[in-house]
Amino acid sequence: MSTQDSAFLKACRREPVPHTPVWFMRQAGRALPEYRKLREGNQMLDACATPDLVTEITLQPVRRYGVDAAIFFSDIVVPLKAIGVDLDIVPGVGPVVAQPIRTAEDLQRLRPLTPDDVPYITESIQNLVSELGDVPLIGFAGAPFTLASYLVEGGPSKNHAATKALMYGQPELWADLLDRLATITLAFLRVQVDAGASAVQMFDSWVGALPAKDYRAYVMPHSTRVLAAMADVPRIHFGVGTGELLHDMGQAGADVVGVDWRLPLSEAVARIGPGKAVQGNLDPTLVFAPDDVIAAKVRETLEEGAQAEGHVFNLGHGVLPETDPDKLLRVVELVHAGL
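Residues numbered from 1 in each chain as written. Predicted model: local features only at pLDDT ≥ 70, side-chain atom pairs only at ≥ 80, totals over all residues. Heavy atoms only, no water.

### Observations concerning the layout of surface pockets
Part 1: Considered as a void within the structure, the largest pocket measures approximately 1300 Å³ in volume.
Part 2: Lining the largest pocket are 41 residues, and of these Arg 26, Arg 30, Met 44, Asp 75 and Pro 95 lie nearest its centre.
Part 3: Going through the elements one at a time, α2 (33–39), β2 (87–90) and β3 (94–97) are the ones with two or more residues in the lining of the largest pocket.
Part 4: Here the lining of the largest pocket is composed, by residue class, of 26 nonpolar, ten polar and five charged.
Part 5: Of the voids in this model, the second largest pocket is the one considered here, and its volume is about 200 Å³.
Part 6: Lining of the second largest pocket is provided by 15 residues; of these, Val 17, Thr 20, Gly 305, Ala 306 and His 311 occupy positions nearest its centre.
Part 7: Across the lining of the second largest pocket, the residue classes tally to eight nonpolar, five polar and two charged. (1 Å grid on protein atoms, 1.4 Å probe; cavity = no way out; pocket = protein on both sides within 12 Å on 5 of 7 lines; lining within 4 Å. Points joined across faces, edges and corners; volume = space filled by probe spheres on them. Helix = DSSP H or I, 4+ residues; strand = E, 2+ residues; numbered from the N terminus. Nonpolar A, V, L, I, M, F, W, Y, C, P; charged D, E, K, R; others polar.)

This is the structure:
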């Protein structure tokens, strides 16, 4: 079987599938003891730039769980680091930017990304495609709004006050910032697809902080530009707290709209509208529940996902670090067994 015949890519294309495909956001990482062992002594951004580590970390959950797709091990700030932005990923905090971007002069630090900036990405993808065989590899990037939020705030933020102040108060500067970030995101995804990735997922982790009207005015055009240029592969668009944005996120150009755990998939399907597949959306904390509860919730998610034109089973956000890997294996078995 070729990669194109995989259940994952068929579901993304809204074609009939032999079983509902399943993978997990953050399936490669903190919940796996083999990952923690491999990461000992390796900083996150260093690991992301080391092809042998990226390859092994990406493969670990595929071996353990038998998921229907691999997600490229990386971080959304990798392309920013590659073009010279002074940042680091601080354990327990997240990405921290040394000099936040707040002025037109600051924007000059955001030059376009070229393949020569990230040769380790090309090498890692090529290694993975060779190792994965018929298992599709999903490319990975942060969306312009979420990247902008990290750059403007200087790190993670609960209320995105500085980001919104710039967006509302200096709309021309904001548009220039997001235009530059869209160019960087697009180039980062293109490197991955050119090296062999079969699909892409664009994470807009913080865009749920915006009302729909402002999303359409200040963010959607830039996400649309990225997604439109990646039309040669299935495109997944995911955000957190985006229940009110789901229709617009689908209209931005995604083939598959990711849904977090806050909204039933049946309601999400109605909001998104026809012509799209959905991805999601088991609450990541459900895997801490008793087995019978997990089984019931998996079945419920499958039933609701069946109302969509295509369904990729996933969690409604990333795997939590405390998760028992055996529980995720059980979820995969339940999904593959079907209703």
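### Some points on a nonpolar patch on the surface
Part 1: A surface patch of nonpolar side chains, amounting to about 190 Å² of accessible area, comprises Val 90, Val 93 and Val 96.
Part 2: Within the secondary structure, Val 90 sits in strand β2. (Patch = residues over 30% accessible without salt bridge, like charges linked within 9 Å, V, L, I, M, F, W, Y side chains within 5 Å. Areas by Shrake-Rupley, 256 points an atom, 1.4 Å probe, with all protein chains shown as cover. Salt bridge = Lys/Arg side-chain N within 4 Å of Asp/Glu carboxyl O.)

### Points about helix α11 (residues 212–229)
Part 1: Along α11, the sharpest kink reaches roughly 55°, centred on Val 219 and followed within four residues by the proline Pro 221.
Part 2: Of all the residues in α11, the buried ones are Ala 212, Asp 214, Tyr 215, Val 219, Met 220, His 222, Ser 223, Val 226 and Leu 227.
Part 3: In this structure, the buried residues of α11 make contact with α8 (144–153), α9 (161–169), α10 (171–195), β5 (199–204), β6 (235–239) and α12 (246–251). (Bend = angle between axes of the 7 residues up to and from the residue. Buried < 20%, exposed > 50% of the residue type's maximum accessible area, 1.4 Å probe, protein only. Contact = heavy atoms within 4.5 Å.)

### Overview of unusual backbone geometry
Part 1: Of note, the amide linkage connecting Gly 280 to Asn 281 takes the cis form, showing an omega dihedral of -5°.
Part 2: Mapped onto the elements of the fold, Asn 281 is located in strand β8 (residues 277–282).
Part 3: The phi dihedral of Arg 26 is positive, around 60°, even though this residue is not glycine.
Part 4: If you trace the backbone, Arg 26 turns up in the loop between α1 (7–12) and α2.
Part 5: With a phi close to 55°, His 160 is a non-glycine residue in the positive phi region.
Part 6: The topology assignment puts His 160 in the loop between α8 and α9.

### What about the nonpolar core?
Part 1: Of all hydrophobic cores here, the largest spans 115 residues; its most connected members are Phe 8, Leu 110 and Leu 177.
Part 2: Sequence-distant contacts of Leu 177, defined by excluding residues within four places in its chain, comprise Ile 101, Leu 107, Leu 110, Ala 148, Val 152 and Leu 166.
Part 3: Within the second largest apolar cluster, eleven residues are counted, among which are Leu 246, Val 257, Val 269 and Ala 308. (Core = buried A, V, L, I, M, F, W, Y, C linked by side-chain atoms within 4.5 Å.)

### Regarding the environment of Trp 261
Part 1: As for its position among the elements, Trp 261 is in the loop between β7 (256–258) and α13 (265–272).
Part 2: Expressed as a C-alpha distance, the spacing of Trp 261 and Val 118, which sit 143 residues apart in the sequence, is 34 Å.
Part 3: Discounting chain neighbours no more than four positions away, the residues touching Trp 261 are Asn 281, Leu 282, Asp 283, Pro 284, Gly 316 and His 317.

### Considerations on the packing of aromatic side chains
Geometrically, a pair of aromatic rings is defined through the distance of the ring centres and the angle of the planes.
Part 1: Across all of its chains, the model carries seven aromatic pairs by this definition.
Part 2: Summarising the aromatic geometry, the rings of Tyr 35 and Phe 73 are spaced 5.9 Å apart at their centres and angled 65° between planes, so their arrangement reads as edge-to-face. Here Tyr 35, found in helix α2, pairs with Phe 73, found in the loop between β1 (70–71) and α5 (78–82); they are 38 residues apart in sequence, far enough to count as distant. For the residue pair Tyr 35 and Phe 73, the accessibility class agrees, reading buried in each case.
Part 3: With a centroid separation of 5.7 Å and 85° between ring planes, the pair formed by Tyr 168 and Tyr 218 is classed as edge-to-face. Pair noted here: Tyr 168 is in helix α9 and Tyr 218 is in helix α11, with a separation of 50 residues, a long-range link.
Part 4: Among the residues examined, Tyr 168 registers a relative accessible area of 38% and is labelled partly exposed. (Phe/Tyr/Trp six-rings, centres within 6.5 Å; stacked < 30°, edge-to-face > 60°.)

### Describing the sheet that holds β1
Part 1: Across the sheet, which stays open at both edges, the seven strands sit in the order β1-β4-β5-β6-β7-β8-β9 with parallel pairing between neighbours. With partners counted over all chains shown, the strands left at the sheet margins are β1 and β9 (311–315), one partner each.
Part 2: Packing of helix α14 (residues 291–305) onto the sheet brings it into contact with β8 and β9, and relative to β9 it is tilted by some 145°. (Pairing = 2+ DSSP bridges. Axes fitted to C-alpha atoms, helices over the stretch in contact; angles between N-to-C directions.)

### As for the side chain of Glu 153
Part 1: Counting through the fold element by element, Glu 153 comes out in helix α8.
Part 2: Polar contacts involving the side chain of Glu 153 include one to the main-chain amide nitrogen of Ala 161, which spans 3.3 Å.
Part 3: If near-sequence neighbours (up to four positions away) are discounted, Glu 153 is found in contact with Arg 102, His 160, Ala 161, Ala 162 and Thr 163. (Polar contact = N/O pair within 3.5 Å; in protein donor to acceptor, adjacent residues only side chain to side chain.)

### Observations regarding the packing of α8 against α10
Part 1: The geometry of α8 relative to α10 is characterised by a closest axis approach of 9 Å and an angle of 115° between their N-to-C directions. Seen from above, α8 lies across α10 with right-handed handedness. In this structure, α8 uses Pro 144, Phe 145, Leu 147, Ala 148, Leu 151 and Val 152 to contact α10, whose residues at the interface are Trp 174, Leu 177, Leu 178, Leu 181, Ala 182 and Thr 185. (Left-handed = near helix turned anticlockwise from the far one by under 90°.)

It is worth stressing that arrangement in space is one thing and function is another; only the former is reported here.
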